[in-house]
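# Reading the structure
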Amino acid sequence: GHDWGDIRDIIAGLGYECCVLVGHDWGGVLAWHFAMYYPSMVQRLIVMNAPHPSAWQEGVLRRPARLLRCSHVFFFQIPVLPEIALSLEDYRLVRSLLCSRRVGIRTPGRRLSGPELEAYLFPLSQPGGLTGPLHYFRNLFSNAPPRHQDVGVSCLLIWGEADALLGAEPAQEAGPYVCGSFAVKMIPGCSHWVQQDQPETVNRLMWQFLEGPQT
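Now for a description of the structure that goes with this document. (Residues numbered from 1 in each chain as written. Predicted model: local features only at pLDDT ≥ 70, side-chain atom pairs only at ≥ 80, totals over all residues. Heavy atoms only, no water.)

### Here we look at the pattern of salt bridges
Scanning the entire structure with this criterion turns up five salt bridges. One salt bridge in this structure joins Arg95 and Asp90, with 2.8 Å as the shortest N-O distance. Using a relative accessible area of 48% as the deciding quantity, one classes Asp90 as partly exposed. Within the structure, one salt-bridge network assembled from shared partners comprises Asp90, Arg95 and Glu118. (Salt bridge = Lys/Arg side-chain N within 4 Å of Asp/Glu carboxyl O. Buried < 20%, exposed > 50% of the residue type's maximum accessible area, 1.4 Å probe, protein only.)

So this is what it looks like as structure tokens:
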């Protein structure tokens, strides 16, 4: 089964026929997929720092050097070893993703406190805690769209311009793959972790989108 089938079941299980779907990073990738395959269940789509899957694939074909940005994806395909590597030195690699100067949250007042970071790491430290998240990467190629896929619902793409993981280019490449109304909002000086880095700006952009006319 596919992860977006779980989203469908959650919406139906809560008694709704459609929703405003919001996703960031891997959640954003799932949101793109869900809007492709279940458009009638998405009233509006908001994605943050997650490239449209077809746009990303075609971008990599045009510029293979982009694969260097995601070399970790290929490493994560190996059984067991990634779990060991990520847990070394008290989860140093995971900590650096969220807290390092290059990749982590950039706004000083929004950086994770020690207790917040430990709360985030706690479930990953439990038996099998890293395996579930890593399966997102391990299922990436089996879940990839087999052909060009368009999103037909109204969509807002919010992107931290200082994203050191994906760069800023993918934000500008999604437009041709959205048939409904589409807007890209770049947030200057903002990292990959947009909703933690600049929550007020993200919330304002979301409300403006949701309160605007639907086309």
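From this point, the narrative continues.
### Regarding the packing of aromatic side chains
All told, the structure shown has three aromatic pairs when counted by the stated rule. When the centroid spacing of 6.4 Å and the interplanar angle of 25° are considered together, the rings of Trp26 and Tyr136 count as stacked. With Trp26 in helix H2 (residues 26-37) and Tyr136 in helix H7 (residues 131-138), this residue pair connects regions lying 110 residues apart in the sequence. A relative accessible area of 18% means that Trp26 is categorised as buried. (Phe/Tyr/Trp six-rings, centres within 6.5 Å; stacked < 30°, edge-to-face > 60°. Helix = DSSP H or I, 4+ residues; strand = E, 2+ residues; numbered from the N terminus.)

### A short note on helix H6 (residues 114-125)
Between the first and last C-alpha of H6 there are 16 Å, a value that for 12 residues agrees with the 16 Å anticipated at 1.5 Å per step. When H6 is considered as a whole, its buried residues turn out to be Leu117, Leu121 and Leu124. Projected down its long axis, H6 shows its buried positions confined to an angular sector of 40°, all on one face. Along H6, the residues that are exposed and aim more than 90 degrees away from the buried face are Pro115, Ala119 and Phe122. Taken together, the buried residues of H6 touch helix H5 (81-99) and H7. (Expected span 1.5 Å × (residues − 1). Arc of directions from axis to C-beta. Contact = heavy atoms within 4.5 Å.)

### Some remarks on H7
Every buried residue of H7 is accounted for by Leu134, Phe137 and Arg138. Seen along its axis, H7 keeps its buried residues to an arc of 95°; they face one direction.

### What to know about the packing of helix H1 (residues 3-13) against H2
It is the contact of H1 with H2, at a shortest axis distance of 9 Å, that shows an interaxial angle of 70°. On the basis of the axis angle, H1 is roughly perpendicular to H2. Residues Asp3, Trp4, Ile7, Arg8 and Ile11 of H1 touch H2, and the partners they reach there are Leu30, His33, Phe34 and Tyr37. Of the residues assigned to the contact of H1 with H2, the class counts are six nonpolar, one polar and two charged. (Axes fitted to C-alpha atoms, helices over the stretch in contact; angles between N-to-C directions. Parallel < 35°, antiparallel > 145°, perpendicular 65-115°, else oblique. Nonpolar A, V, L, I, M, F, W, Y, C, P; charged D, E, K, R; others polar.)

### What to know about the environment of Glu89
Considering the arrangement of structural elements, one finds Glu89 in helix H5. Under the relative-accessibility criterion, Glu89 is labelled exposed at 59%. Within the structure, Glu89 has its side chain in polar contact with the side chain of Arg92 (distance 3.3 Å). (Polar contact = N/O pair within 3.5 Å; in protein donor to acceptor, adjacent residues only side chain to side chain.)

### Some words on the nonpolar core
Leu21, Trp32, Phe34, Leu45 and Val151 are the most contacted members of the largest nonpolar core, which has 44 residues in total. When residues of this core are traced back to their parent elements, those giving at least two are H1, strand E1 (19-24), H2, strand E2 (42-48), H5, H6, H7 and strand E3 (155-160). Looking at this core, the element that brings in the most residues is H2, giving eight residues. Residues in contact with Val151, not counting those within four places in the same chain, are Trp32, Ala35, Met36, Leu45, His52, Tyr177, Val178, Cys179 and Gly180. In this structure, Cys190, Leu205, Met206 and Phe209 belong to the second largest nonpolar core, which totals 11 residues. (Core = buried A, V, L, I, M, F, W, Y, C linked by side-chain atoms within 4.5 Å.)

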